[in-house]
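Observations on the three-dimensional arrangement
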Amino acid sequence: NNPIPLPVTGRPAKLHLGCDGNILPGFINIDRAKSTGGVQPDLIAEPGNLAMIADESISMLLAVAVLNANRMSVVLHDWQRVLISGAELVIEAPNADLGDGVVTEGGGFALDAESSAEHLAAAGFSDIRREAPTLRPEPNKRLRLVCLKK
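Residues numbered from 1 in each chain as written. Predicted model: local features only at pLDDT ≥ 70, side-chain atom pairs only at ≥ 80, totals over all residues. Heavy atoms only, no water.

Before going further, it helps to examine the overall build of the protein chain. Within the protein chain, the secondary structure is distributed over 2 helices and 9 strands. For the protein chain, the sequential pattern of α-helices and β-strands runs β-β-β-β-α-β-β-β-α-β-β. Looking at the protein chain as a whole, 45% of its 150 residues qualify as buried. For the protein chain, the share of sequence-separated contacts (at least 6 apart) that also reach a separation of at least 24 residues comes to 61%. Surface exposure of the protein chain reaches about 7,500 Å², of which carbon and sulfur atoms provide 52%. (Helix = DSSP H or I, 4+ residues; strand = E, 2+ residues; numbered from the N terminus. Buried < 20%, exposed > 50% of the residue type's maximum accessible area, 1.4 Å probe, protein only. Contact = heavy atoms within 4.5 Å. Areas by Shrake-Rupley, 256 points an atom, 1.4 Å probe, with all protein chains shown as cover.)

Right under this line is the structure:
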């Protein structure tokens, strides 16, 4: 399989992984489900495997409840591969610091801030910081990490 040469405009694209029916304008919205509430994503794919995306073709990657703690290193290296230098990665997930760490949502596990930051740094991301979650209900139970590709 050859990677899809995204974007076709010649400019870096923005990806929204785990869109769950929430289509964001200006993003390529990707989900593993064909449809959520009658809303179809732009691309049906496993958010943890972006083999169809060309290297260094993405300027921002927004991942919502798709990062499985048990596969974090592999997935982060794949996301790092598709991002251009200086691109922003935003991750929102259930917050394991508030529970037992095995809360599932969208097939993934809850993430804890400290371990996730260590994985992000090891995968080549910098300027790692926490922000207030904004994309799903109950933001007080969620974790949002923002970082940049080195």
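Back to the write-up after that little detour.
The next subject is the side chain of aspartate 31. Mapped onto the fold, aspartate 31 is located in strand β2 (residues 28-31). This buried residue, aspartate 31, is left without a salt bridge; arginine 32 holds the nearest opposite charge, at 5.7 Å. A polar atom in the side chain of aspartate 31 sits 2.7 Å from the backbone nitrogen of aspartate 20. Polar contacts involving the side chain of aspartate 31 include one to the main-chain amide nitrogen of alanine 33, which spans 3.0 Å. Discounting residues that sit within four places of it in the chain, aspartate 31 has contacts with Gly18, Cys19, Asp20, Pro41, Leu43, Ile44 and Ala45. (Lys, Arg positive; Asp, Glu negative; His and termini not counted. Salt bridge = Lys/Arg side-chain N within 4 Å of Asp/Glu carboxyl O. Polar contact = N/O pair within 3.5 Å; in protein donor to acceptor, adjacent residues only side chain to side chain.)

This next bit is on the pattern of salt bridges. Inspection of every chain in the model, using the stated rule, returns 9 salt bridges. In this structure, arginine 32 engages glutamate 46 in a salt bridge whose closest nitrogen and oxygen atoms are separated by 2.9 Å. Note that arginine 32 is positioned in the loop between β2 and β3 (43-44) and glutamate 46 in the loop between β3 and β4 (58-64), a separation of 14 residues in sequence. With a relative accessible area of 38%, glutamate 46 lands in the partly exposed category. The residue arginine 129 makes a salt bridge to glutamate 131 at a minimum N-O spacing of 3.2 Å. Given a relative accessible area of 33%, glutamate 131 falls into the partly exposed group. Because the salt bridges share partners, they merge into one network encompassing Glu88, Glu92, Arg129, Glu131, Arg142 and Arg144.

This part covers the nonpolar core. Residues Leu17, Leu50, Leu61, Leu76, Trp79 and Leu89 are the most contacted members of the largest nonpolar core, which totals 32 residues. Going through the elements one at a time, β1 (13-17), β2, β4, α1 (72-82), β5 (83-94), α2 (113-122) and β9 (142-149) are the ones with two or more residues in this core. If you look at the next biggest cluster of nonpolar residues, it comprises 8 residues, including Leu24, Met60, Val64 and Val146. (Core = buried A, V, L, I, M, F, W, Y, C linked by side-chain atoms within 4.5 Å.)

As a packed pair, α1 and α2 sit with axes 9 Å apart at the nearest point and diverge in direction by 45 degrees. Put simply, α1 runs oblique to α2. When you trace α1 past α2, the crossing you get is right-handed. Counted together, Met72, Ser73, Leu76 and His77 of α1 and Ser116, His119, Leu120 and Ala122 of α2 form the full contact between these two elements. A breakdown of the residues in the contact of α1 with α2 according to their chemical character gives 4 nonpolar, 4 polar and no charged. (Axes fitted to C-alpha atoms, helices over the stretch in contact; angles between N-to-C directions. Parallel < 35°, antiparallel > 145°, perpendicular 65-115°, else oblique. Left-handed = near helix turned anticlockwise from the far one by under 90°. Nonpolar A, V, L, I, M, F, W, Y, C, P; charged D, E, K, R; others polar.)

Considering every residue of the protein chain, the mean pLDDT works out to 84; 85% of them sit at 70 or more. Summarising per-element confidence for the protein chain, the mean pLDDT is lowest in strand β6 (residues 104-105) (46) and highest in strand β8 (residues 125-131) (96). (pLDDT = per-residue confidence, 0-100.)

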